[in-house]
Amino acid sequence: MSAQVKDKEAFQRLSFLYQAAHCVLAQNPENQELARFYCHMQRSISRRLVLRQDPSVKRTICKFCSSLLVPGISSTVRQRRCSGRRWSVIRCLCCGQTKRFPSNPAYKLWAEQPEALLENQPQTGERRQVPRRSPQHIRPKPPL
Amino acid sequence: MPRLKDEAIQDKLTRKAVVLEHCLRRRKKEKRKKTKGFSAKQRREMRLFEVKPEQQKYELFLPLHELWKQYIRDLCNGLRPDTQPQMIQTKLLKADLHGAIVTVTKSKCPSYVGITGIILQEMKHIFKIITKEDKLKVIPKLNNVFSLELDGFISHIYGSKFQLRASERSAKKFKAKGTIDL
């Protein structure tokens, strides 16, 4: 149940581009164009090959201008209260686009839930206790 | 309508109610486009490499080169003399070249030959390379042969066949066709 070979190479390339963007920014915090170029490349590759990325990676890249968001250098992070809840507002300094995340410590991303891991997926045919979506939980409707 | 005479057209127009287009339609179209990225303006203003990098030194990009070396070693599983060149070729085609040290070996224009440097950006038809003298050089891919060196493994890249955006290159399958001649 390993990933397909072509995808693996593409993912390696994506992660390399991400690390390269960080490396370039670390060397020279003023030059954000190169980091932006690499992140744009990363986004276009994942768009072309339709690859999903981890939300922790997506959150650090601005959706609008695709620059790498580093709090303090290329973005500002604030805590605001809106409609009774606390939100973290990340604002990209280059294009002015904001991202808002509700700060709810009980919220788990789909990727972190135990259901999402491949190892925990039940194999078809062996076990019948499948969560929610399998047809076995749907009772057959009585004939009208 | 165009076939009728002028009088007949006038006749029809006076009796028929012609509804003119609303101006509101255009506004809606513009609003939709604004949500994700203004393509033309954005790229020209913000994205491109500025003059400042010329002040940046070659030494600052050496860690990038180290990162690239590790990436390529990881990609080919490290066994250099053992594996067939075919495997490595296919992997290199899909790999990323940012941060690699390349040299121009053959070229139709003799002034390009011998330029060495680290690739900073790869666009559809060109490479942007920074040389040891901290000069930013823009080298077209057409009619040029680049050579890539890593751990004693030298590979030649025929730039004329590489006229693709870097993102498209990992999606495309290459076929062996055509003679490779400058």
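Residues numbered from 1 in each chain as written. Chains lettered and ligands numbered in written order. Predicted model: local features only at pLDDT ≥ 70, side-chain atom pairs only at ≥ 80, totals over all residues. Heavy atoms only, no water.

**What about the overall build of chain A?**
Right, on to step 1. Along its length, chain A carries 3 helices and 3 strands.
Right, on to step 2. For chain A, the succession of helices and strands along the chain, N to C, is α-α-α-β-β-β.
Right, on to step 3. Counting only residues that meet the buried cut, chain A has 34% of its 144 residues in that class.
Right, on to step 4. By sequence separation, contacts in chain A at least 24 residues apart represent 39% of the contacts at least 6 residues apart.
Right, on to step 5. On chain A, roughly 10300 Å² of surface is accessible, and the fraction owed to carbon and sulfur atoms is 53%. (Helix = DSSP H or I, 4+ residues; strand = E, 2+ residues; numbered from the N terminus. Buried < 20%, exposed > 50% of the residue type's maximum accessible area, 1.4 Å probe, protein only. Contact = heavy atoms within 4.5 Å. Areas by Shrake-Rupley, 256 points an atom, 1.4 Å probe, with all protein chains shown as cover.)

**Concerning the side chain of Glu 9 of chain A**
Right, on to step 1. With respect to the element layout, Glu 9 of chain A can be found in helix α1 (residues 5-27).
Right, on to step 2. Despite its burial, Glu 9 of chain A remains without a salt bridge, the nearest opposite charge being carried by Lys 91 of chain B at 4.4 Å.
Right, on to step 3. Other than its neighbours up to four places away in sequence, Glu 9 of chain A contacts Leu 75, Lys 91 and Lys 94 of chain B. (Lys, Arg positive; Asp, Glu negative; His and termini not counted. Salt bridge = Lys/Arg side-chain N within 4 Å of Asp/Glu carboxyl O.)

**Section: the packing of aromatic side chains**
Two measures describe an aromatic ring pair: the distance that separates the ring centres and the angle between the ring planes.
Right, on to step 1. Within this structure, the stated rule accounts for 3 aromatic pairs over all chains.
Right, on to step 2. On the numbers, 4.3 Å between centres and 5° between planes, the contact of Phe 16 of chain A with Tyr 71 of chain B is stacked. Residue Phe 16 of chain A is located in helix α1, and its partner Tyr 71 of chain B is located in helix α4 (residues 62-75); the two belong to separate chains.
Right, on to step 3. For Tyr 71 of chain B, a relative accessible area of 7% puts it in the buried group.
Right, on to step 4. Measuring from ring centre to ring centre gives 5.0 Å for Phe 127 of chain B and Phe 146 of chain B, while their planes differ by 85°; the resulting arrangement is edge-to-face. (Phe/Tyr/Trp six-rings, centres within 6.5 Å; stacked < 30°, edge-to-face > 60°.)

**Details of the sheet that holds strand β3 (residues 98-102) of chain A**
Residues and elements named next belong to chain A.
Right, on to step 1. Here 3 strands make up an open sheet; going across it, the order is β1-β2-β3 and the pairing antiparallel. Looking along the sheet, the strands with just one partner apiece sit at the ends: β1 (75-82) and β3. The sheet shows a mean angle of 25° between the axes of neighbouring strands, direction not considered.
Right, on to step 2. With 8 bridges joining them, β1 and strand β2 (residues 85-92) adopt antiparallel strand pairing. Paired with Thr 76 across the strands is Arg 91, a residue of β2. (Pairing = 2+ DSSP bridges. Axes fitted to C-alpha atoms, helices over the stretch in contact; angles between N-to-C directions.)

**Things to note about the interface of chain B and chain A**
Much of the literature gives interface size as the accessible area that the parts lose upon coming together.
Right, on to step 1. In this complex, chain B contributes 40 residues to the contact, which on the side of chain A involves 30 residues.
Right, on to step 2. Summed over both partners, the interface of chain B with chain A comes to about 3100 Å²; 59% of that surface belongs to carbon and sulfur atoms.
Right, on to step 3. Across the contact surface, chain B and chain A share 1 salt bridge.
Right, on to step 4. A salt bridge links Arg 13 of chain A to Asp 96 of chain B, with the shortest nitrogen-to-oxygen separation between them at 2.7 Å. (Buried area = accessible area lost by both parts, 1.4 Å probe.)

**Regarding the nonpolar core**
Right, on to step 1. Grouped together as the largest cluster of nonpolar side chains are 51 residues, with contacts concentrated most on Tyr 38 and Leu 68 of chain A together with Trp 68, Ile 72 and Leu 97 of chain B.
Right, on to step 2. Only α1 and α2 (33-48) of chain A together with α4, β1 (101-107), β2 (116-122), β3 (126-130) and β5 (144-150) of chain B provide two or more residues apiece to this core.
Right, on to step 3. No other element matches the 10 residues that α1 of chain A contributes to this core.
Right, on to step 4. For Leu 97 of chain B, the residues in contact, after removing those within four places along its chain, are Trp 68, Ile 119, Glu 122, Phe 127, Leu 148, Ile 157, Phe 162 and Arg 169 of chain B.
Right, on to step 5. Within the second largest apolar cluster, 6 residues are counted, among which are Phe 64, Cys 65, Leu 69 and Ile 90 of chain A. (Core = buried A, V, L, I, M, F, W, Y, C linked by side-chain atoms within 4.5 Å.)

**Remarks on the environment of Asn 143 of chain B**
Right, on to step 1. Within the secondary structure, Asn 143 of chain B sits in the loop between β4 (136-140) and β5.
Right, on to step 2. Taking the C-alpha atoms as reference points, Asn 143 of chain B and Cys 109 of chain B, separated by 34 residues in sequence, lie 8.3 Å from one another.

**Concerning the pattern of salt bridges**
All names here are of chain B.
Right, on to step 1. Summed over the entire model, instances satisfying the criterion amount to 3 salt bridges over all chains.
Right, on to step 2. With a closest N to O distance of 3.3 Å, Lys 141 and Glu 122 form a salt bridge. One end of the pair, Lys 141, is in the loop between β4 and β5; the other, Glu 122, is in strand β2, with 19 residues separating them in the sequence. Just as Lys 141 is buried, Glu 122 falls in that class too.

**Some thoughts on the confidence of the model for chain A**
All names here are of chain A.
Right, on to step 1. Model confidence for chain A is summarised by a mean pLDDT of 72, while 67% of its residues fall at 70 or above.
Right, on to step 2. Looking at the elements of chain A, mean pLDDT is at its lowest for β3, recorded as 76, and at its highest for α2, recorded as 86.
Right, on to step 3. Long-range and interchain partners of residues 124-140, a stretch whose pLDDT sits below 50, account for 7 contacts in this model, where long-range means more than four residues apart. (pLDDT = per-residue confidence, 0-100.)

**Overview of the sheet that holds strand β6 (residues 153-158) of chain B**
Residue and element names in this part refer to chain B.
Right, on to step 1. Overall, antiparallel pairing links the 6 strands, which are arranged β4-β3-β2-β1-β5-β6 in an open sheet. Lying at the two open borders of the sheet, with one neighbouring strand each, are β4 and β6. Averaged over all pairs of adjacent strands, the angle between their axes in this sheet comes to 45°, without regard to strand direction.
Right, on to step 2. With 5 bridges joining them, β1 and β5 adopt antiparallel strand pairing. Each bridged residue has a counterpart across the sheet, and for Lys 106 the counterpart in β5 is Val 145.
Right, on to step 3. Relative to the sheet, α4 contacts β1, β2 and β5, its axis offset from that of β5 by approximately 80°.

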